[in-house]
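Next come the chains, spelled out residue by residue.
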Amino acid sequence: MTARLFCTRNSLLGAMLCGMWFGAPSTSLAAGCQFDIQGEGVVSAVIDARTLRLEDGREVRLAGVEVVAGESEDRKAALTALIGRHVILRGERDDPDRYGRQSVFLYYLEPSAGSVQLDLLAQGEAIASADVADKSCAAELAAAEAAARQARRGTWANSFVVKTVEDPADILTRAGRFAVVEGRVVSVRQAGGTVYVNFGRRWTRDFAATISRRVVPYLEAAGITPSSLANRRVRVRGWVERRGGPRINVLRVGQIEVIGD
């Protein structure tokens with residue numbers, strides 16, 4: 001099957017599909033997220049910034065990435081170049097979520113184009129969600145995001161993308177939604193089965209990351225010892241909850257990273 005079948009060069013969309021936008025950052029299929037093939041299909045519509053509808057009516061959700069709250073409609077446009085494109089669905093499991101959507105890693109049918117998720121991350125159109133269990137895949141996604149962040153591409157060009165611990169009220173504007181928060185850790189405490197990484201002295205107001213004691217060994221194996229985080233600059237990502245002050249519950253290694261002393 002030739003690339004001409006998928007690329008209509010006499011249109012802007014065709015040019016984008018042939019490499020001017022999607023496919024440019026990835027030069028080959030990403031090895032890290034090459035899970036079992038769960039099917040294939042042709043994209044017919046974009047539902048939101050992470051959800052696509054295929055021609056046969058299936059809805060698929062992009063795994064491993066998130067869109068910053070408040071930017072969903074802006075980032076939705078980044079997926080329109082996929083309409084009409086034949087894609088391969090890969091995933092660790094094929095069961096749908098409660099809304100009937102299948103969570104997948106999406107690949108273009110032609111090998112030279114690569115991974116949809118890596119392209120989105122490399123262009124700054126998405127943020128790594130850090131909920132991928134496979135280490136190789138998670139590392140690949142994190143590296144693509146880091147390149148976009150350092151170059152301030154896409155969403156990373158906006159100063160509001162990363163919330164700072166100095167403004168807990170601003171963090172709470174993301175309550176119930178995904179966020180990235182950075183700041184210096186003031187203290188680390190353990191109470192019962194939970195480790196509290198505190199970014200302020202007032203638990204009723206300030207931001208904290210909570211870590212189940214069961215997760216600690218996995219963090220330590222990755223080189224992150226929670227008890228050593230005091231006075232270090234740390235980046236946390238995840239879903240913001242209001243429990244006194246704003247909280248993010250750390251469930252996986254990729255949610256927390258040391259970014260400086």
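Scroll up for the structure.
About the thresholds
Residues numbered from 1 in each chain as written. Predicted model: local features only at pLDDT ≥ 70, side-chain atom pairs only at ≥ 80, totals over all residues. Heavy atoms only, no water. Pairing = 2+ DSSP bridges. Helix = DSSP H or I, 4+ residues; strand = E, 2+ residues; numbered from the N terminus. Axes fitted to C-alpha atoms, helices over the stretch in contact; angles between N-to-C directions. Disulfide = S-S within 2.5 Å. Buried < 20%, exposed > 50% of the residue type's maximum accessible area, 1.4 Å probe, protein only. Phe/Tyr/Trp six-rings, centres within 6.5 Å; stacked < 30°, edge-to-face > 60°. Lys NZ or Arg CZ within 6 Å of the ring centre and 35° of its normal.

A word on the sheet that holds strand 5 (residues 86-90)
One closed barrel accounts for five strands, arranged 1-2-3-6-5; its pairing is mixed. Between one strand and the next, the sheet's axes are offset by a mean angle of 60°, whatever the strand orientation. Two strands pair when backbone bridges link them, and strand 2 (residues 51-54) and strand 3 (residues 59-62) are joined in this way by three bridges, in the antiparallel orientation. Opposite Leu52, over in strand 3, you have Val60 as the bridge partner.

Notes on the state of the cysteines
Counted according to the given criterion, the structure contains one disulfide. The disulfide that involves Cys33 links it to Cys137, with 1.9 Å between the sulfurs. On the sign convention where negative means left-handed, the S-S torsion of about 90° between Cys33 and Cys137 marks this disulfide as right-handed. In this pair, Cys33 sits in the loop between helix 1 (12-20) and strand 1 (37-48) while Cys137 sits in helix 4 (residues 135-151), placing the two residues 104 residues apart along the sequence. Taken as a pair, Cys33 and Cys137 share a single burial class, namely buried.

Some remarks on the packing of aromatic side chains
As enumerated under the stated definition, the model contains three aromatic pairs in all. Seen in terms of ring centroids, Phe35 and Phe105 are 5.4 Å apart; in terms of plane orientation they differ by 45°. Their pairing is tilted. Of this pair, Phe35 sits in the loop between helix 1 and strand 1 while Phe105 is found in strand 6 (residues 102-108), placing the two residues 70 residues apart along the sequence. Phe35 gets classed as buried once you look at its relative accessible area, which sits at 11%. Measuring from centroid to centroid gives 5.2 Å for Phe199 and Phe207, while their planes differ by 45°, and the two rings are tilted. Residue Phe207 is classed as buried on the basis of its relative accessible area, which comes to 1%. Geometry around Tyr107 places Arg90 over its ring, the cationic atom sitting 5.6 Å from the centre. Taking the ring centre of Trp156 as reference, the NZ or CZ of Arg149 above it sits at 5.5 Å.

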